[in-house]
Structures are given as C-alpha cells and as structure tokens.
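What follows is the residue order along each chain.
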Amino acid sequence: MLITILLLLLTTFLAVLRRPLWVYIQRMLERQQGRLPPGPFSWPLIGARGNKLVTPWETMTEWAQHYGPIVSFFQGSVFTVVLSDIEVIKAAFKLPAFEGRPLNHFFKEPLGQGIAFTEGARWRKHRKLVVSALRGLAISGNPQMLFDDHLKQVAWNLVERLKSDGPGTAIDPKSLLNVAAGNVISFVVAKDVLTQTDPRLRKILTSVSDIFSAIPSSDILSILPWLKGVPPFNAQTNSFADAFNRLFGVVGDVVADRRHTLSATTQDAEPVDFADAMFRRQRLSDSDDELKDEEIIGMASEIFFAATEDITLSLRWMVLLLTMHPDVQAKLQNEIDAVIGHLRAPSVSDRASLNYLEAVRLESMRYSCETPFSLPHRVTEDTTFMSYHIPKDTTVVANFYAHNTSEAFWGDPNVFRPERFLDGAGKLNGLSSQLLGFSTGRRSCAGENVAKLTLMVLLATAMQNVAFSFPDGEAGPPLVRTNGTALHPPVHKILVIPRTIPA
Ligand code: HEM
C-alpha cells in the first residue's frame, strides 16, 4: 500500500515537473554552447542563489560585474535575463518583443483588466488611453491649471500638518507624505470625489501598502511557483489577491461616484481627470471597441497602485537626504527664495526655473535607487538580442541599481551630490537622460510627468516654508535600504522648523 502511494506521488510529481525540467535542460545546454547569455549556475527547479538573499539588487549587480551586462539564470523554474547596462536596457525595452509581462503566481489574478499587468492588444489600447489622459493633466490648458491648483492645495495642507506636528517633537513624516500622495492621485483619477477626510482614501492607501508587502523580494513561491495553490504557501498569494480585490472595490465605488457627479454638472471642453476621459471614450466607442466599466476600474486601481507608493517613497527619500545634507537644503531654499520668494505659492510653471531642485530630485532618485529594478517584462517571441538568443517567455528585468551605483559611470556613486546634474552655470547638463528611475521604452512609467510635477510642487512648497533637521545631537540613521520591489529608507524621525521669511 505504502509503495503504491509513493509511486503515485512520484508519478504526479514527475508529471508536474516534466515541462520545467525539460525547459531547464534545453536552456542549460544552449547556454553552454554560448547561444544564451552567460550567468551563474542554476539548480533544476530551485535556480541560482546569490550570496545576498535579502538584497537581490546587490546579488544581480555582482553577477553583472562578473558575467557582463546581460546575465541569464533560473529564478526557481523561470528562465530570467537581467540587463544591467543603460544602453543595453534602452535598446531592449524599445523592442516590441520585450513588451510583455510574465503572468506568474502574483500577476495572474485578479489582475488583467488594467494596464500594468496586461499585454498584447488590450495593453496597447489601455496604455494609449492612460498616457493620453495623464498627458492632458500634465501638459497644458485648463486641465493642467486645475491640476496645478490642486497640487498647491495639497502642498499647503502638507506644510500645515508638518508645521503643526513637527516643531517640538521629532516625527516620522511617512504617513503625512503618503496622504499627500494619495490626495494628488485621487484628483488625477476622479477630481474632487475623495476629500482629504474621506475614509475611502485611507482604505485605498492601506490596500496599496498591503499589496506591496505581499510581494517580497525573494520567497519560496518565486523559487517554486507551482506551490502557489498549496497550503500554507497559498497564504501569500491570497493576501495579495485580497488586497487587490479591496483596492478594486473602493476604486470601483469612487469611479461610480465620479460618473454621478459628472452627469450632474456641465462638461468641461476637455477631460479634467482620468475617469472623465474614460467616460468620454466609452460614449464614443462602438461595440467592437467597447471600453468596459471593469477595465476603467482596473486602470484606475493600477494608477493608485503604481503612483501612491512610488511618490511617497520619493518624497521620503528626498526629505531624509535633505535632512542629512543641510548644505544642500540651504542651497535649495536659496534657489526657491530667489525664484519664487514668499509672496506666492510654487506652481508647475516654476519647474523650468528651478534647476537645483530638479538636480536634487534626480540625485535623490539615483542615490536612493528607490526603484532598483523595472517591473518584470516577458519576451513575447523568440528573439535575437545583441547576438544572444532570448527564447519566448523569458522574463527580462532591468537592473537600475547596477547603473545608479556604477563607479565607472558616475565616478563617486556613493556621494550625494546634486551638482553632478548641473553645468558650470547652474543649468541642467543633460545627464538626466542617463537615469532610468521611470524605466524606458514601451513599458516605461505612464505617469512620469504627473510624478515629476507632483514632486516638484510638494518639495518646493515644503522648502519655501519649513526646514528639516535631526533632533539635537542625533545623527541621521545608517543608510540601509530595505525591501526588494522598491527600496525604502531606514526609519527616521525629523524636526520640522517653520522658516522665518528672509528680509
Ligand atoms: C516617483 C514616482 C514614480 C516612479 C519612480 C515610477 C516608476 C515606474 C517604473 C519603474 C515602472 C515600471 C516600468 C517597466 O516595467 O519597465 C512604472 C510603471 C508604471 N507607472 Fe510609474 N512611477 C512613478 C509614478 C507614477 C505615477 C504618478 C503614475 C500615474 C499617475 C504611474 C503610473 C504607472 C503605470 C500605469 C505603469 C505601468 C506601465 C505599463 O505597464 O505600461 N507611475 N513606474
């Protein structure tokens, strides 16, 4: 009896593993022949393990130093290629063959209606819709003016909260910055449906944070994805799906409210937010090109998901780095005093004049490496790239950490020095094109302009009105980056000192 059970288990095991084992043997043989990019030894089904399990960005960077800018290996049973050179990344991500997304245990369900986790015709359609709706807000005309007014309001509320919470007691600004990011993105998605105090905003921010916590940088499921349905391994996949379902639920509610408020008011000439743009598109589409409500909710949810966490992270890093570098903070305040003064609020139209502020944002994104990797891409057909064969379904990831910390490229990558992005006259020197925090190519961040304007207005308003410092006698925290999907700054507390207006 025992032997029969064991034989049964063995047969099932081999049946499940036949395909991944066959792919493993094929890829390893091809790699030995030099057709596939080089890389570390990978065990069947387990894959390659670096020395630094909890800091995969460092492992991948060490591999790039050893094997070169295109490295291949197995992550569990998934054949993966990591690109670590900026020119190689730019060349790959502009090719249609690299525009897919791997549908692994995380990204399969309940996603698939939006933009970030779709591919093919649906992704192309959604990408066009999102990019054009966001461009309307960020580029010109009435939508931009409304967005600007909203940014000023959010920035002012943030400063008021910082001033009331921070002068006497040291605070961790994380949740204030997160609420500010949430307020901006609420407007982007559905104008004034979500007020500052609407409990749905808190629910959205909590769901987004839960989604990110459910994607650890390395876990047993990324090694053995076929365990995803088996207890206790399914707990992680379930909590990811649960957080996404919660997000879809609340965002669905917000989108429905926006439809209601729009139908009760006179329409603006141009769409003033994402939902407005999508409802107009729905009215125009014929049955072949229908845009379903679930698709609008899917895209809107992913805008919240993609935007709020990254904007919060950027703000947290900028506040920490400015607190650690009082000289940079003083220079930034001087620029704001000179360009804007204290009689009016910073606005999106100031962006072109605030070169030092832009350099601080760029250097903060470079130095922090807050996005160490792109999202994973999937190669949609057998491809030859830089004379290597990249088989269909290979997962491809760009390693921005390797580039941002490259000594050969930056000279002194471990020094926080915004001046590297400026020329002798204090103008931007063009080096910003060598930074890929928003990725590059066909899948690059769809909200890059919205993000840049948001960071600019929030930071300029903060620096116009307050200064940051560590409590007396305290040094800044040691700079340990944590988490693998997005790198977080170490926990820190700061004092917020209201600025006296210079005479
Ligand atoms: C500092 C803030 C932000 C950073 C650092 C950032 C970074 C990124 C990165 C690295 C990707 C992955 C690109 C790839 O797979 O190659 C991405 C994708 C995306 N981002 Fe952002 N992002 C930010 C803010 C935003 C904002 C404000 C929005 C929307 C308002 C947004 C919307 C998106 C969307 C929709 C995608 C998926 C694009 C696609 O799959 O086609 N992001 N972002």
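All residue numbers refer to position in the chain's written sequence, counted from 1. Reporting of local features is limited, given that this is a predicted model, to residues whose pLDDT is at least 70; pairs of side-chain atoms are given and counted only at 80 or more, and all residues count toward the totals for whole chains, interfaces and linings.

Named according to an unreviewed UniProt entry, the protein is Cytochrome P450 1A1 originating from Hypsibius exemplaris. In its Cofactor (unreviewed entry) section, UniProt records this for the protein: "heme". UniProt positions are given in the numbering used here, feature names are shortened, and annotations may be inferred rather than shown by experiment.

*Asks:* A description of the overall build of the protein should follow, citing residues and the corresponding values.
*Replies:* The helix and strand tally for the protein stands at 16 helices and eight strands. Only C-alpha atoms enter the radius of gyration, while the globule expectation follows 2.2 Å times N to the 0.38, with N the number of residues. For 503 residues, the compact-globule formula gives about 23 Å, and the C-alpha radius of gyration of the protein, at 24 Å, lands near that figure. Projecting the C-alpha coordinates of the protein onto the three principal axes gives extents of approximately 85 × 55 × 45 Å. Three classes are used. A residue is buried when 20 or more other C-beta atoms lie within 10 Å of its own, exposed when 12 or fewer do, and partly exposed in between, with C-beta atoms placed from the backbone. Taken over 503 residues, the protein has a buried fraction of 42%. Numbering of helices and strands starts at the N terminus; helices are DSSP runs of H or I of at least 4 residues and strands are runs of E of at least 2.

*Asks:* Can you break down the UniProt feature "binding site: heme" (unreviewed entry) in the protein residue by residue, with the values?
*Replies:* Taking the UniProt record as the reference, the feature "binding site: heme" (unreviewed entry) is found at Cys445. Tracing the sequence through the fold places Cys445 in the loop between α15 (407–410) and α16 (448–465).

*Asks:* Describe the site of the ligand, naming the residues involved and giving the relevant values.
*Replies:* Nearness between a residue and a molecule or strand is assessed with a C-beta atom placed from the backbone; a distance within 6 Å qualifies. In the vicinity of the ligand, 26 residues are found, and the nearest of them are Ala307, Asp310, Ser439, Cys445 and Gly447. Per-element tally for the shell around the ligand: the top contributor is helix α11 (residues 293–324), with seven residues. Residue classes in the shell around the ligand are distributed as 15 nonpolar, seven polar and four charged. Gly is placed with the polar residues, together with every amino acid not listed as nonpolar (Ala, Val, Leu, Ile, Met, Phe, Trp, Tyr, Cys and Pro) or charged (Asp, Glu, Lys and Arg).

*Asks:* Break down the packing of helix α9 (residues 234–263) against helix α10 (residues 274–284) for me, citing the residues and quoting the values.
*Replies:* Geometry is summarised by axes, namely lines fitted to C-alpha atoms with helices restricted to the contacting stretch, and by angles between N-to-C directions that run from 0 to 180 degrees. Interhelical geometry of α9 versus α10 gives an angle of 75 degrees and a closest axis separation of 10 Å. Accordingly, the angle class assigned to the pair α9 and α10 is roughly perpendicular. Taken together, the residues of α10 that come into contact with α9 (itself represented by Val255, Arg258, Arg259 and Leu262) are Ala275, Asp276 and Phe279. Residues of the contact of α9 with α10, tallied by class, amount to four nonpolar, no polar and three charged. Oblique is the label for any angle not under 35 degrees, not over 145, and not in the 65 to 115 range, which are roughly parallel, roughly antiparallel and roughly perpendicular in turn. Throughout, a pair of residues is in contact if the C-beta atoms placed from their backbones lie within 7 Å.

*Asks:* Give a detailed account of the nonpolar core, specifying residues and quantitative values.
*Replies:* Among buried residues, those of type Ala, Val, Leu, Ile, Met, Phe, Trp, Tyr and Cys that are joined through C-beta atoms within 7 Å form a set called a nonpolar core. Residues Val189, Leu247, Val251, Ala300, Ile303 and Phe304 are the most contacted members of the largest nonpolar core, which totals 127 residues. A per-element tally of this core places α11 first, with 18 residues. In this view, Phe304 contacts Ile185, Val189, Ile204, Val208, Leu247 and Val251; residues no more than four positions away in its chain are not counted.

*Asks:* Outline the environment of Asn449, supporting the account with residue identities and numerical values.
*Replies:* With respect to the secondary-structure elements, Asn449 resides in helix α16. A sequence separation of 318 residues divides Asn449 from Val131, and the C-alpha atoms of the two residues are 10.0 Å apart.

*Asks:* Can you break down the sheet that holds strand β1 (residues 70–75) residue by residue, with the values?
*Replies:* Note on pairing: two strands pair once DSSP finds at least 2 bridges between them. Spatially, β1-β2-β6-β3 is the arrangement adopted by the four strands of the open sheet, whose pairing is mixed. Whereas interior strands pair on both sides, the edge strands pair on one side only; in this sheet they are β1 and β3 (377–378). Here β3 runs beside strand β6 (residues 395–398); their pairing, made up of two bridges, is antiparallel. Considered in β6, the bridge of Arg378 is made with Thr395.

*Asks:* So what's going on with helix α4 (residues 120–139)? Residues and values would help.
*Replies:* The end-to-end C-alpha separation of α4 is 28 Å, in line with the 28 Å expected for 20 residues at 1.5 Å each. The complete set of buried residues in α4 reads His126, Leu129, Val130, Ala133, Leu134, Gly136, Leu137 and Ala138. The inward-facing, buried residues of α4 abut α5 (141–165), α6 (174–190), α10, α11 and α16. Looking one or two residues past α4, Gly141 carries a phi angle of roughly 70 degrees, positive in sign. Helix span, as expected, comes to 1.5 Å for every residue beyond the first.

*Asks:* Break down the environment of Arg378 for me, citing the residues and quoting the values.
*Replies:* Relative to the helices and strands, Arg378 is located in strand β3. The exposure class of Arg378 is partly exposed, given the 19 C-beta atoms found within 10 Å. Separated by 276 residues in sequence, Arg378 and Pro102 place their C-alpha atoms 5.0 Å apart.

*Asks:* Please provide a residue-by-residue account of α9, values included.
*Replies:* Taking 1.5 Å of rise per residue, 30 residues should cover 44 Å, and α9 covers 43 Å from first to last C-alpha, within 8% of that figure. Regarding α9, the residues found buried are Phe240, Ala243, Phe244, Leu247, Phe248, Val250, Val251, Val254, Val255, Arg258 and Leu262. Taken together, the buried residues of α9 touch α6, α7 (199–213), α10 and α11.

*Asks:* Can you explain unusual backbone geometry? Please cite residues and give values.
*Replies:* Unlike most non-glycine residues, Leu45 shows phi in positive territory, near 70 degrees. The topology assignment puts Leu45 in the loop between α1 (2–32) and α2 (56–67). One non-glycine residue, Ser387, lies in the positive phi region at around 65 degrees. Along the chain, Ser387 turns up in the loop between β4 (383–385) and β5 (388–390). Classification of Ser387 by C-beta neighbours within 10 Å gives exposed; the count is 9.

*Asks:* Tell me what's going on with the packing of helix α12 (residues 326–339) against α16, and back it up with residues and numbers.
*Replies:* It is at 9 Å that the axes of α12 and α16 come closest, and there the two elements cross at 95 degrees. Between α12 and α16, the crossing angle belongs to the class labelled roughly perpendicular. In contact with Leu332, Gln333 and Ile336 of α12, α16 contributes Ala460, Met463 and Gln464. Tallied by class, residues from the contact of α12 with α16 come to four nonpolar, two polar and no charged.

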